[in-house]
Structures are given as structure tokens and as C-alpha cells.
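Breakdown of the fold
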Amino acid sequence: MKRFIVIIIIVIGLSACLSPSKKIEIQPIRSPVDKDGDGIDDFGDILEGARVQIGVVTEYETGYYTDAYPPENSGVCSDVIWRALESTGYDLKEMIDADMAAYPDDYLSDPTPDQNINFRRVRNIGVFLAKYAKSLTTEVVPWDAENLSEWQGGDIVTYDQIEGGLWHIAIVSDKRNDDGTPLIIHNYGYGVKEDNYLLNWPTEITGHYRWEIE
Ligand SMILES: [Ca+2]
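Here is a short report on the structure shown in this document. On a predicted model such as this, the values are computed, not experimentally measured, just so you know.

Next up on the list: the sheet that holds strand β1 (residues 134–135). Overall, antiparallel pairing links the six strands, which are arranged β1-β6-β2-β3-β4-β5 in an open sheet. A single partner strand is all that each edge strand has here, and the edge strands are β1 and β5 (192–195). Summarising the sheet, strand β4 (residues 182–187) and β5 pair through four bridges and their orientation is antiparallel. From the neighbouring strand, isoleucine 184 faces β5, where its bridge partner is aspartate 195. Most of the contacts of helix α3 (residues 77–86) go to strand β3 (residues 168–176), to which it runs at about 60 degrees, and overall it touches β2 (156–159), β3, β4 and β5.

Structure, rendered in C-alpha cells:
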């Protein structure tokens, strides 16, 4: 019995030694661009522009609006994106409408273009970001500082479609788990939330982008 207890203590001790216990620290990055001239760089503005929606956008509503924009307190996942960019100094609607008009063949994944909703469709945003933003790794490796340093607050992440259901898009947070995996800021049905879904979303990450567009 004594020997058994000693073995158990050794096993527990070893597992404690082998488990990473230190928190991973990742150095944040800053954009050289401050589009709206408010003293906050674009990445920081996108991040804060997403975060301020928490508690304001409290509803998830898939409605179509003839003036394009949903009410201030509601929206879908993609509404987090244009709102964050709006407070950074960019008009995503105008940018996507112009690009779709100029290069319609790039947007064949959207068979029914409509300027009231083009900029709210995840696939259109994905096409636009793939063309103009900086594309980064879609792999997330917890505890791997080199990999995780590629994931920065203000980045935008897209996910594959839930079978027969919704596509998804989110803003990457600068808050991280102890293993370095960042939280995301997104609306998946309960208003805008900041939580641990980067690796917990039920579908694969299809794109990871950094807004390096002026
Ligand atoms: Ca700014």
C-alpha cells in the first residue's frame, strides 16, 4: 500500500512538471496607419470598435433592411466587422460594393448581389479580405509563442459554414487564455460577446486576415 501511494505521488509530481504552467505572453503589434487620425492605430481601433459593441448589440437578428443597416442594438456576425471598421475610419459597404461592381467574377459565390446586404455576407467579406488584406496562418497552436504571435488583436477570422446553416466571422481579441490562444469578439446568436471560441467554434477556420488596407 505504502509503495502504491509513493508511485501515485511520483506520477502526480511528474505530470505537474510536464504540464505547461506558465502563461504564454505575446507581444501586441501596432499598425503604422491611423486612418481616422484619433491617435489610435488601425488594429487597436478595429479591436476597440468591436469591443464597444458588447452590451450595445444585444440581439441577433437576420433581417434585411432596405436602408442596408440593422438597428444599433442588433445584427449578425458580419455586422461586428463593418461596425468595427467604421469606427476605424473605413466604410466597408462602400469598399465591397465598389469591388463587386468592378470585379463581379470574383464574387460568384454570391449569386444575388444586392447593395443592401453585400457587405453583410461573410463570403463577400472573405473574398474582399483575401484580395486586399494580409492573409495569415489559419493554424492555431496553443502554447506555441511563434504561432500565436501571428494571432493579434484586431485580426479578422472567418469560419466554414455550419452544415445547412450559418457562416461565421469574428474579430480576434487581444485577451488570451493562459495557453496564448486569443479570445474572439463575435455575435453568434446572443449579441456581441468576447469569449473563448477561436478553437471552439464548430467549423474550421477558413481565413485569417489583418487589415493592412488604406
Ligand atoms: Ca485611429
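Let us keep going from here.
Let's shift gears to the packing of helix α2 (residues 42–51) against α3. Where α2 meets α3, the axes come as close as 7 Å, and the angle between the chain directions of the two elements is 125 degrees. Taken together, the axes of α2 and α3 are oblique relative to one another. Seen along the crossing, α2 lies across α3 with a hand that is right-handed. Here Ile46, Gly49 and Ala50 of α2 lie close against α3, whose contacting residues are Val80, Arg83, Ala84 and Leu85. Looking at side-chain class alone, the contact of α2 with α3 contains five nonpolar, one polar and one charged residues.

The subject of this paragraph is α3. Within α3, nine of the 10 residues are buried, leaving the element largely enclosed by the surrounding structure. All of the buried residues along α3 are Cys77, Ser78, Asp79, Val80, Ile81, Trp82, Arg83, Ala84 and Leu85.

Glancing now at helix α4 (residues 92–102). If you check which residues of α4 are buried, you get Leu92, Ile96 and Met100. Down the axis of α4, the buried side of the element spans an arc of 55 degrees, and every buried residue falls inside it. Those residues of α4 that are exposed and angled more than 90 degrees off the buried face are Glu94, Ala98, Ala101 and Ala102. Along its buried surface, α4 packs onto α3 and α5 (122–132).

Inspection of the secondary structure puts leucine 92 in helix α4. The class of leucine 92 is buried, set by 21 C-beta atoms lying within 10 Å. Sequence separation of leucine 92 and threonine 138 is 46 residues, and the distance between their C-alpha atoms is 23 Å. If sequence neighbours within four positions are ignored, leucine 92 has contacts with Ile81, Trp82, Leu85 and Phe119.

Quick notes on the rules
Residues numbered from 1 in each chain as written. Predicted model: local features only at pLDDT ≥ 70, side-chain atom pairs only at ≥ 80, totals over all residues. Pairing = 2+ DSSP bridges. Helix = DSSP H or I, 4+ residues; strand = E, 2+ residues; numbered from the N terminus. Contact = placed C-beta atoms within 7 Å. Axes fitted to C-alpha atoms, helices over the stretch in contact; angles between N-to-C directions. Parallel < 35°, antiparallel > 145°, perpendicular 65-115°, else oblique. Left-handed = near helix turned anticlockwise from the far one by under 90°. Nonpolar A, V, L, I, M, F, W, Y, C, P; charged D, E, K, R; others polar. Buried ≥ 20, exposed ≤ 12 C-beta atoms within 10 Å, placed from the backbone. Arc of directions from axis to C-beta.

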